[in-house]
Amino acid sequence: MNPSNLFDYKDTPLSPSLAENVSNIETVLGKSSDLLLNPFFIGNIACNLICFEGMISTQTITNLILAPLTNLDPEKYSAADKLFSHIHDNMLMAIDRGMPEKYGELIHRLMSGFAVLLIDGCPKAFAFGVQGFETRGISEPSTEGNIRGSHEGFVETVRTNMSLVRRRIKSPLLRFELFPITEVSKVDVIIAYMTDRVPMKLVKRIRKKLEELPLESILGSGYVEPFMENPKPALFSGVSVTERPDVFCAKILEGRIGILIEGTPFAIVCPALFIENFQTLDDYNFRPFYAFLIRWIRYLSFFLAVFLPAVYVAVVTFHPELFNHTLLMTLASAEQTAPLPIAAEAFIVLLFYEIIREAGVRLPKSVGGAVSIVGGLIIGDAAVSAGIISNPLLLACAISVTASFVIPSLNQQITVLRFIAVAAGGVSGLYGISLLAAAVLVNICALENHGAPVMSPLSPFTPKAMRDVLTRIGFPRMARGRASVEKLHGVNMDGD
């Protein structure tokens, strides 16, 4: 093995010499301070138990590995092969156990919290899963609230997330494929899918994309999302992200592929449909008539969030005849005191809101609330009192911003479209807004991901799927016929 190139170790086989193996490991890891080497003898056979400090459970490694090894009769195992065979055949030590034969696998196991046992004279090693690093406990999701659903959310540990999914889908058809990706960090990633509902060609394509990611590390799900989407420019995404295990399981049961990544509590699901941004878990816990009302409120909120400030700017500037006389006089008197054009006022208000929101997110929680109070109440009221901003415009922008909270998954798209819509309304009135809406609609309808049109089941139209789009029928009727993305018109996830 060439010490000058650390990546030469990946496919290099282990040596029968313990001293050479330890020296090579130290060379690759640079004698890192958290690398623990524990040499000892069983009779006249030299051994070494290697692990990373803080990655293993001291109590577990003592009780399950060190104690059994030190209690072995040295006279019975005078040869390395006999000792290796005895440990392999008669000593369990850990449920999660492997036998790495190459330095790449051995070091990856070490960095995943395994303890590695090397025996002099054996070209293989034992890797025991005795992880004990600190992890965040399972808690309620912070970004996807619900009333009657589960209060468990994904955490940063990928194996814990895998168990949360398995607890909900106890089917032998559920598959998990765990493998490391990225050249430097070797981040563990899991592909989850149902074998009877997902084409294997799609699974292979996604696995290949993950294995060929041109990244050195993955520190969040946003690193991976662009590689799972259609490469064509698009404002909306063909993949979705969720922090909820129950939502993740529902998507898998509909024939999607889920991706769990070590170090992030946000799982990726692909392909995703645009209409799913308006569906929540509580829709299926509430009665159908109430779920129908709430869902249409979300549809209305999306249009208010994107177009309300722009429509107000357009009507006041170019189409005042659309107001009745009383309302027109009220708005005219309010706008007379404002020194700026109505479109410029809208930009200032929306920009100021984004500044307040960003400050509230980035600052500590104890300070974030104070920023919202100062920005929303004191500065906003002062701007209106000084005549810089008119009350009707401030009201329209406030309704738009509040409506965007109803669809948090589309916050990025709504924010950008809101500014573009205000510009279009300020330049061309309602005609400019109509052209913008048509362009956005064409862009969404032309977008597909892994063979699934993002606007399905609306375009292409699938009548049967409307029972969970325009309305939400009861479960007795919904249970007739298994729901699957591949059954929608225009979907071909089996293609290349």
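Here's what I pulled together on the structure shown here. Please read all numbers here as calculations on a predicted model, not as lab measurements.

It is worth spelling out the pattern of salt bridges at this point. Scanning the model with the defined rule gives 18 salt bridges in all. Salt-bridge contacts for Arg-159 lead to Asp-188; the nearest nitrogen and oxygen are separated by 3.7 Å. Taken together, the positions of Arg-159 in helix 5 (residues 158-168) and Asp-188 in strand 7 (residues 187-194) put the pair 29 residues apart, joining distant regions of the chain. Residue classification places Arg-159 among the partly exposed positions, given a relative accessible area of 31%. A salt bridge links Arg-357 to Glu-354, with the nearest nitrogen and oxygen atoms 3.4 Å apart. Separated by three residues within a single helix, Arg-357 and Glu-354 lie in helix 11 (residues 342-362), roughly one turn from each other. Here Arg-357 falls in the partly exposed class, since its relative accessible area comes to 28%. By relative accessible area, Glu-354 is classed as buried at 13%. A cluster of three or more residues bridged by salt bridges with shared partners is formed by Lys-251, Glu-254, Arg-256 and Glu-276.

Time to look at the packing of aromatic side chains. Enumeration according to the criterion identifies 14 aromatic pairs in this entry. Both rings, one in Phe-126 and one in Phe-128, keep their centres 5.9 Å apart while their planes meet at 15°; by these two values the pair is stacked. Taken together through their ring pairs, the aromatic side chains of Phe-236, Phe-274, Phe-278, Phe-292, Trp-296, Tyr-299, Phe-302, Phe-303 and Phe-307 make up a single cluster. A cation over an aromatic ring shows up here: Arg-109 above the ring of Phe-114, its NZ or CZ 4.9 Å from the ring centre.

Scanning the entire structure with this criterion turns up zero disulfides. Cysteine Cys-47 is unpaired, with the sulfur of Cys-122 as its nearest cysteine sulfur at 8.4 Å. By relative accessible area, Cys-47 is classed as buried at 1%.

This brings us to the nonpolar core. Nonpolar side chains in soluble globular proteins tend to be buried together. By size, the foremost hydrophobic cluster in this structure holds 74 residues, and its most contacted members are Ile-206, Leu-210, Phe-274 and Phe-302. Looking at this core element by element, the count peaks at 10 residues for helix 9 (residues 288-318). In this structure, Phe-302 is in contact with Phe-236, Phe-274, Phe-278, Ile-407, Leu-410 and Ile-414, ignoring residues within four places of it in sequence. Core analysis: the second largest hydrophobic core is formed by 26 residues, Cys-51, Ile-56, Leu-69 and Ala-94 among them.

Helix length check: helix 13 (residues 391-404) (14 residues) gives 20 Å between terminal C-alpha atoms against 20 Å at 1.5 Å per residue, within 8%. Taken together, the buried positions of helix 13 are occupied by Pro-392, Leu-393, Ala-396, Cys-397, Ser-400, Val-401, Ala-403 and Ser-404.

Okay, the sheet that holds strand 3 (residues 97-98) next. The sheet built from five strands is open, its strands ordered 1-2-4-5-3 with antiparallel pairing. Since the sheet does not close on itself, it has two edges, and those belong to strand 1 (35-42) and strand 3, each with one partner. Where strand 2 (residues 45-52) meets strand 4 (residues 114-119), four bridges bridge the pair, whose relative direction is antiparallel. Residue Cys-47 lies in a different strand from strand 4, and its bridge partner there is Ile-119. Packing against the sheet, helix 3 (residues 80-90) makes contact with strand 1, strand 2, strand 3, strand 4 and strand 5 (125-129), and its axis sits at approximately 150° to strand 4.

Here we take up the pairing of strand 10 (residues 267-270). Burial of the side chains of strand 10 extends over both faces: Ala-267 and Val-269 are buried on one face and Ile-268 and Cys-270 on the other. Pairing geometry for strand 8 (residues 240-242) and strand 10, over three bridges, is antiparallel. Among the inter-strand pairings, Thr-242 is bridged to a residue of strand 10, identified as Ala-267. Linking strand 9 (residues 257-261) to strand 10, which pair antiparallel, is a turn of five residues; within it Gly-263 sits at a positive phi near 100°.

On to the environment of Phe-475, then. When you line up the elements, Phe-475 lands in helix 15 (residues 475-478). By relative accessible area, Phe-475 is classed as partly exposed at 43%. Along the primary structure Phe-475 and Val-401 are separated by 74 residues, whereas in three dimensions their C-alpha atoms are 34 Å apart.

The rules we used
- Residues numbered from 1 in each chain as written.
- Predicted model: local features only at pLDDT ≥ 70, side-chain atom pairs only at ≥ 80, totals over all residues.
- Heavy atoms only, no water.
- Salt bridge = Lys/Arg side-chain N within 4 Å of Asp/Glu carboxyl O.
- Helix = DSSP H or I, 4+ residues; strand = E, 2+ residues; numbered from the N terminus.
- Buried < 20%, exposed > 50% of the residue type's maximum accessible area, 1.4 Å probe, protein only.
- Phe/Tyr/Trp six-rings, centres within 6.5 Å; stacked < 30°, edge-to-face > 60°.
- Lys NZ or Arg CZ within 6 Å of the ring centre and 35° of its normal.
- Disulfide = S-S within 2.5 Å.
- Core = buried A, V, L, I, M, F, W, Y, C linked by side-chain atoms within 4.5 Å.
- Contact = heavy atoms within 4.5 Å.
- Expected span 1.5 Å × (residues − 1).
- Pairing = 2+ DSSP bridges.
- Axes fitted to C-alpha atoms, helices over the stretch in contact; angles between N-to-C directions.

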